[in-house]
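A closer look at the structure
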Amino acid sequence: MSHPEALRSLLESVARGEINPDIALDKLKHLSFEPIEDFAKIDHHRQLRTGFPEVIWGPGKTPEQIVAIMAAMRQKSDVVMATRIEPPIALQLQEQVDDLVYYPIARICAIATPGRAIEVPGTISILTAGTADIPVAEEAAVTATLCGFTVQRLWDVGVAGIHRLLRHLHLLSSADVIIVVAGMEGALPSVVAGLIDRPVIAVPTSVGYGTSFGGIAPLLTMLNSCATGIGVVNIDNGFGAAMLAGQILRTAGRLAEENAAD
């Protein structure tokens, strides 16, 4: 049975009273995907299932493939994103997609509704230990902003000059979730988690000298932190950190709504 036929059959069953609407909604969460030639299958219902739309991973795809995927996705999504897009590829994409916006530091291409309103209450604060960590942090910041979250940035406040962080404790106290991006020895998330009663998402970066091992050293530091309330994502994974922060805020919002309804 094709997807249109399956959808029609499901809707007819609801109309006849054979299936409860809530059960039908659950079935719809796993029904729809769209083949793009022979190289992709777009998961249009990912946002319905998880709260976030599918995002295009840029490396390994040709510009033509990315454009074709974007064309399909924009028909059913308010935000279309492609991550890890290098500047030469971005130029080729912009030649074919007039309203494509490129965020060069974050290496993200996006098609989004202009002036999109903030959808989810709460603030995500994003910190970097050093200036060299900013590209990973910007990936998190741009991702979170495009997904409808409020973002606050604080760059270059690493432990080598801890007074820079302490000067901005009032900003951390106003945040609801904190993403901390650090390379080298990766100590900053532990310091932040020891000062603030907020969930901390630690992002190790590949910034560092030889024995940093491309981010392995800060990753292990973060995993072995003695501070509580820290979750750790993969090396250079600003996108994943933003998604986790978003899920925390979405869950908090849902619980608040449920408690208000009681």
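As recorded by an unreviewed UniProt entry, the protein carries the name Nickel pincer cofactor biosynthesis protein LarB and is attributed to Pannus brasiliensis CCIBt3594.

Re the nonpolar core
Formed by 23 residues in total, the largest nonpolar core has its most connected members in Ile-124, Ile-126, Phe-149, Ile-179, Val-181, Ile-201 and Val-203. Every element with two or more residues in this core is listed here: strand E7 (123–128), helix H6 (134–146), strand E9 (177–182), strand E10 (200–204) and helix H11 (238–261). Other than its neighbours up to four places away in sequence, Ile-201 contacts Val-177, Ile-178, Ile-179, Val-180, Gly-231, Val-233, Ala-241, Leu-244, Ala-245 and Ile-248.

Some points on the pairing of strand E8 (residues 150–154)
Where E7 lies against E8, five bridges are found, and the strand directions are parallel. Directly across from Ser-125, in E8, lies its bridge partner Gln-152. In this region the chain leaves E7, passes through H6 and returns to the parallel neighbour E8; the handedness of that crossover is right-handed.

Side note on the environment of Leu-10
Among the secondary structure elements, Leu-10 is positioned in helix H1 (residues 3–15). Of the residues examined, Leu-10 reaches a relative accessible area of 9% and is grouped as buried. Between the alpha carbons of Leu-10 and Pro-21 there is a distance of 9.9 Å; along the sequence they are 11 residues apart.

Considerations on unusual backbone geometry
At Met-184, a residue that is not glycine, the phi angle is positive and equals roughly 50 degrees. If you trace the backbone, Met-184 turns up in the loop between E9 and helix H9 (188–193).

Description of the packing of helix H4 (residues 63–73) against helix H5 (residues 87–96)
Working note: a packed helix pair is described by the angle between its axes plus the distance between those axes. For the pair H4 and H5, the least separation of the axes is 10 Å and the interaxial angle reads 45 degrees. Taken together, the axes of H4 and H5 are oblique relative to one another. Here H4 runs over H5; the crossing is right-handed. Taking contact as the criterion, the partners of Pro-63, Ile-66 and Val-67 in H4 are, on H5, Ile-89, Gln-92, Leu-93 and Gln-96.

Digging into the state of the cysteines
The tally for this structure, following the rule as stated, stands at zero disulfides. In this structure Cys-147 is a free cysteine whose sulfur lies 15 Å from that of Cys-109, the closest cysteine sulfur available. The exposure class assigned to Cys-147 is buried, which follows from its relative accessible area of 12%.

Overview of H6
End to end, H6 covers 18 Å across 13 residues, agreeing with the expected 18 Å (1.5 Å per residue, within 8%). For H6, the buried fraction is high: 11 of the 13 residues fall into the buried class. Listed in full, the buried residues belonging to H6 are Ile-134, Val-136, Ala-137, Glu-138, Glu-139, Ala-140, Ala-141, Val-142, Thr-143, Ala-144 and Leu-146. Gly-148 sits one or two positions beyond H6 and adopts a positive phi of about 95 degrees.

Looking at the sheet that holds strand E5 (residues 101–103)
Here four strands make up an open sheet; going across it, the order is E3-E4-E6-E5 and the pairing mixed. Pairing within the sheet leaves two strands with one partner each, and these edge strands are strand E3 (56–57) and E5. One ladder, built from three bridges, connects E5 with strand E6 (residues 108–112); its direction is antiparallel. Residue pairing across strands places Val-101 opposite Ala-110, the latter belonging to E6.

Some details on the sheet that holds strand E11 (residues 230–232)
Spatial ordering of the open sheet is given by E8-E7-E9-E10-E11, a layout of five strands whose pairing is parallel. In this open sheet, the two edge strands, each paired with only one partner strand, are E8 and E11. Direction aside, neighbouring strands of the sheet carry axes that sit 25 degrees apart on average. Relative to E10, E9 runs parallel, the two sharing five bridges. By the bridge assignment for E10, Ala-182 is matched with Pro-204. The strands that helix H10 (residues 216–223) touches are E9, E10 and E11; relative to E10, the one it contacts most, it runs at about 160 degrees.

Parameters and conventions
Residues numbered from 1 in each chain as written. Predicted model: local features only at pLDDT ≥ 70, side-chain atom pairs only at ≥ 80, totals over all residues. Heavy atoms only, no water. Core = buried A, V, L, I, M, F, W, Y, C linked by side-chain atoms within 4.5 Å. Buried < 20%, exposed > 50% of the residue type's maximum accessible area, 1.4 Å probe, protein only. Helix = DSSP H or I, 4+ residues; strand = E, 2+ residues; numbered from the N terminus. Contact = heavy atoms within 4.5 Å. Pairing = 2+ DSSP bridges. Right-handed = clockwise from strand over helix to strand, strands pointing away. Axes fitted to C-alpha atoms, helices over the stretch in contact; angles between N-to-C directions. Parallel < 35°, antiparallel > 145°, perpendicular 65-115°, else oblique. Left-handed = near helix turned anticlockwise from the far one by under 90°. Disulfide = S-S within 2.5 Å. Expected span 1.5 Å × (residues − 1).

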